[in-house]
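Structure assessment
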Amino acid sequence: MMQPLPTRRAFVAGSLLVTVLPFVSAGATPDAMTAAIRDVVGEAQIRPGRVTLDIPPLVENGNAVPVTIRVESPMTEADHVRAIHVFNEKNPQPHVFNAWLGPRNGKAVVATRIKLADAQKVVAVAETSRGEFWSASADVIVTIAACTEDVK
Amino acid sequence: MRLSAVVGLGTVFLATLAMAQGGKDQRRSGYQDMSPALQRMQDDDTANPAMLYVQAGEALWKQKAGASNKACVDCHDAGSMKGVAARYPAIPSGADKPVDLEGRINLCRTGQQKAAPFDAESEELLDLAAYVARQSRGMPIAPADDPRLASFRAHGEQLFKERQGQLNLSCANCHDDNAGKKLGGATIPQAHPTGYPIYRLEWQALGSLKRRLRNCLIGLRAEPYDYSSPEYVDLELYLMDRARGMTIDAPAVRP
Amino acid sequence: MANVLINAPKTVRKGETIELKALILHPMETGFRPGANGQLIPRNIIEQFTATWNGVEIFRMKMSPAVAANPYVSFFAVAKESGTIRFQWTGDRNFSAEGSVMVTVT
């Protein structure tokens, strides 16, 4: 997570009864995410399907959210996943990671852990050797850690 | 804003204070309160980030240091650390006050290796503590059977149960009376020290039980004790006794 | 010395698809986080992660600040021949780290 600002880091007593302030610094937006996706895929059509985005719907801490992306693909020379791109809506930047694969991978499965500054949508786009783009998205709710220490 | 929140929190707890627990052992570790995703992160040694520190600890364990030019491994057999983390804090031979695992490691550092002690929360100290603690993984917490510990433990219990800080709450208000409830989205755990040192996602790093206790003190808006303060060791003694028989899962992952 | 933890099966049958996992100690400081003095802590991230099998690239990843601290990556590869799988991380401040494992293909 791009660390919450001090107001959000305030003790849970604050977050229990006071509406949590929105993430204040200039962050990615749904529009920025769309632009970032277009940057990578160009004008090509993005179709929902073939991609599974495995991410917990509710996470206790946004600092390390496990994600696994699986793409249905024979992973042959003729037909394989060339890249997997992951984006998010609300972190300061819309890019999360890009992974490049090939037939040598056997399976188009990549797992890592990401930071999510806030409850938001995460999108995975898979690019195939045939020039197709498939995608999946998921909404994640991030709760705020309690009893944190102030960044000093 | 903060003041009203504090008053509000007080009433929330007063309202729920009456909900006592049943008779049988209802203790739950922080592990049991975590989501399956975080449990998997902890369970898989090839994915648990704390294992990076264990690996570094193993290297340090074998590295000669200090004026004696001895490594931990020169005096301690492989496997000799099994069960140690399940037993500490304890009173070292020749001493009259308890030390926790990190304190015991530093005693060997200064007394045996003749080297400068590691700083509290330094990566080296945490690495070694993680390496040693992992060897007790799966073992039941079994506090040292030493009558001299009783008064220190009693002081720890008193600290746990007395109200403190600007929030005027005790540790027990949360961890005994309101465990399992949500607080700002987080589940209040029962505060059993089964997994230390832990990789806390909030820290994005490994940290000791002292650091965890400091976080709760800061949360209470109480002045946290100095890292060298005996209060932590006393609290740790009480917490370990309270968790007697529960399984060590160090080095754990916690949110 | 960088602290990396790599996991791969030691022996595999030819043609089998195996999982490769890598962890590395790194702060992945985002550059968006205020430090003690209120100023932003400068960005310090790993940008590139690559894996090669006997010198041939089998996987590459470009990371942003949104990848969690102490990055964990898992992916798969088809075991073709015995040899060395090498993992390399590079990033800000000329960060560079390497780790490798030997795999026997039978």
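Because the structure is predicted, anything quoted here is derived from the model rather than measured. (Residues numbered from 1 in each chain as written. Chains lettered and ligands numbered in written order. Predicted model: local features only at pLDDT ≥ 70, side-chain atom pairs only at ≥ 80, totals over all residues. Heavy atoms only, no water.)

On to the sheet that holds strand E5 (residues 253-254) of chain B. With mixed pairing, the 3 strands of this open sheet are ordered in space as E4-E3-E5 (chain B). Because the sheet does not close on itself, it has two edges, and the strands there are strand E4 (205-207) and E5 of chain B. (Pairing = 2+ DSSP bridges. Helix = DSSP H or I, 4+ residues; strand = E, 2+ residues; numbered from the N terminus.)

Across the contact, 30 residues belong to chain A and 30 residues belong to chain C. At the boundary of chain A with chain C, total buried surface from both sides reaches about 2700 Å², with 58% on carbon and sulfur atoms. For the interface between chain A and chain C, the tally reads 0 salt bridges. The interface formed by chain A and chain C contains 14 residue pairs in polar contact (both at pLDDT 80 or more). Within the residue set of the side of chain A that touches chain C, elements represented by two or more residues are strand E6 (95-100) and strand E7 (108-114) of chain A. Residue composition of the side of chain A that touches chain C, grouped by class: 15 nonpolar, 10 polar and 5 charged. For E7(A) and strand E6 (residues 72-78) of chain C, the ladder comprises 2 bridges, and the chain directions are antiparallel. Counted as the bridge partner of A:Thr112 is C:Val73 from E6(C). (Contact = heavy atoms within 4.5 Å. Buried area = accessible area lost by both parts, 1.4 Å probe. Salt bridge = Lys/Arg side-chain N within 4 Å of Asp/Glu carboxyl O. Polar contact = N/O pair within 3.5 Å; in protein donor to acceptor, adjacent residues only side chain to side chain. Nonpolar A, V, L, I, M, F, W, Y, C, P; charged D, E, K, R; others polar.)

Before going further, it helps to spend a moment on the pattern of salt bridges. Summed over all chains, the structure comprises 24 salt bridges over all chains. Of the charged contacts, one joins A:Arg130 and A:Asp79 as a salt bridge, the two residues approaching to 3.7 Å between their closest N and O atoms. On the criterion of sequence distance, the pair formed by A:Arg130 in the loop between strand E8 (120-128) and strand E9 (133-142) and A:Asp79 in the loop between strand E4 (65-71) and strand E5 (81-88) is long-range, its members being 51 residues apart. Since its relative accessible area comes to 55%, A:Arg130 is described here as exposed. With its nearest N and O atoms 2.9 Å apart, the salt bridge here joins C:Arg43 to C:Asp92. Taken together, the residues C:Arg43 in the loop between strand E3 (17-24) and strand E4 (46-53) and C:Asp92 in the loop between strand E7 (83-91) and strand E8 (95-105) connect sequence positions 49 residues apart. By relative accessible area, which is 33% here, C:Arg43 ends up partly exposed. (Buried < 20%, exposed > 50% of the residue type's maximum accessible area, 1.4 Å probe, protein only.)

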